[in-house]
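# Per-entry structural report
Below, each chain spelled out in residue letters.
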Amino acid sequence: VSQSRYETNEKREVSVYTADLQVLKSGIESGRFDIIFGTENIQSELVSSLKLFEEKLVLIGTTEINRKKLNEYRWLVFSENDHLYKLSKNKSDNIVMIDSFETIINLVKREIGIAIVPDHLIKGDQILKSQEIPGLPSSQIYMSTLNFKKMPERIKAMADLVKKTK
C-alpha cells in the first residue's frame, strides 16, 4: 500500500477551526477554508460533500439525568442550535455556550453541568454516564470542499487521506 503525502515526513501546516455550521459554510464558500467537516450534505455549484460516517448523539452527566427536569440542570451547549434546546420544553436558567467538545466533556466530568455530545467522543469513559435519547437524531458527518476542475494538490492530499481512513 502506498503512503499518501500526508503520511510522510513532509512539513505542512494544518489549521483547525471549530464553529457553527453556517460559519463553516460561509468560510468554505468564500475560500477561507479548504475543507470543512459538518453535518450537512452540501451539493451546490460551489461545494460538494462526501459522507464519512454516522455519529450518535448522547446525553451525558456524572449521574443519571432526570429527563423530565432537564431545565433544572446547567446546560453546557456547543451552539444556539444545540439539541438540549429541542429536548426540553423549558429552557434552563443556567446555560453556558462552549465552542469545544473537549472542554464541554471535561466540565461535565467536574459536575458543572450536562451536555449532548457525539458518543464516539466518550467511548470507554468510566466517569460519565451517557443516555441514549429516543428521537434524538443521529448525525451524518460529511467532508466538504469547493468544486475544482483540478483540485489543488494540498487539498487533494488531505482529502485522499481522509477518504482512506473512513
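Description of the structure in this document. (Residues numbered from 1 in each chain as written. Predicted model: local features only at pLDDT ≥ 70, side-chain atom pairs only at ≥ 80, totals over all residues. Heavy atoms only, no water.)

### Quick notes on the sheet that holds strand S3 (residues 57-61)
Filter applied, for reference: One requirement defines pairing of two strands: DSSP has to find at least two bridges between them. Secondary structure elements follow DSSP: runs of H or I of four or more residues count as helices, runs of E of two or more count as strands, with numbering from the N terminus. Structural elements are reduced to axes, namely lines fitted to C-alpha atoms, with helices fitted over the stretch in contact, and the angle between N-to-C directions of any two is expressed from 0 to 180 degrees.
The 3 strands are arranged S6-S3-S7 in an open sheet whose pairing can be described as antiparallel. Each edge of the sheet is formed by a strand with only one pairing partner; in this case those strands are strand S6 (115-118) and strand S7 (129-132). Averaged over all pairs of adjacent strands, the angle between their axes in this sheet comes to 40°, without regard to strand direction. Inspection of the sheet shows S3 paired to S6 by 4 bridges, in the antiparallel sense. Each residue of the ladder has a partner; that of valine 58, found in S6, is valine 117.

### Observations concerning the environment of tryptophan 75
For the record, the criterion: Here the term buried applies to any residue with accessible area under 20% of the maximum for its type, exposed to any over 50%, and partly exposed to those in between, with areas from a 1.4 Å probe on protein chains only. By definition, residues are in contact when any of their heavy atoms lie within 4.5 Å.
Within the secondary structure layout, tryptophan 75 lies in strand S4 (residues 75-77). A relative accessible area of 0% means that tryptophan 75 is categorised as buried. Expressed as a C-alpha distance, the spacing of tryptophan 75 and isoleucine 141, which sit 66 residues apart in the sequence, is 24 Å. Once you skip the residues sitting within four places of it in the chain, tryptophan 75 turns out to touch Leu70, Leu84, Tyr85, Ser88, Asn90, Lys91, Ser92, Asn94, Ile95, Val96 and Ile114.

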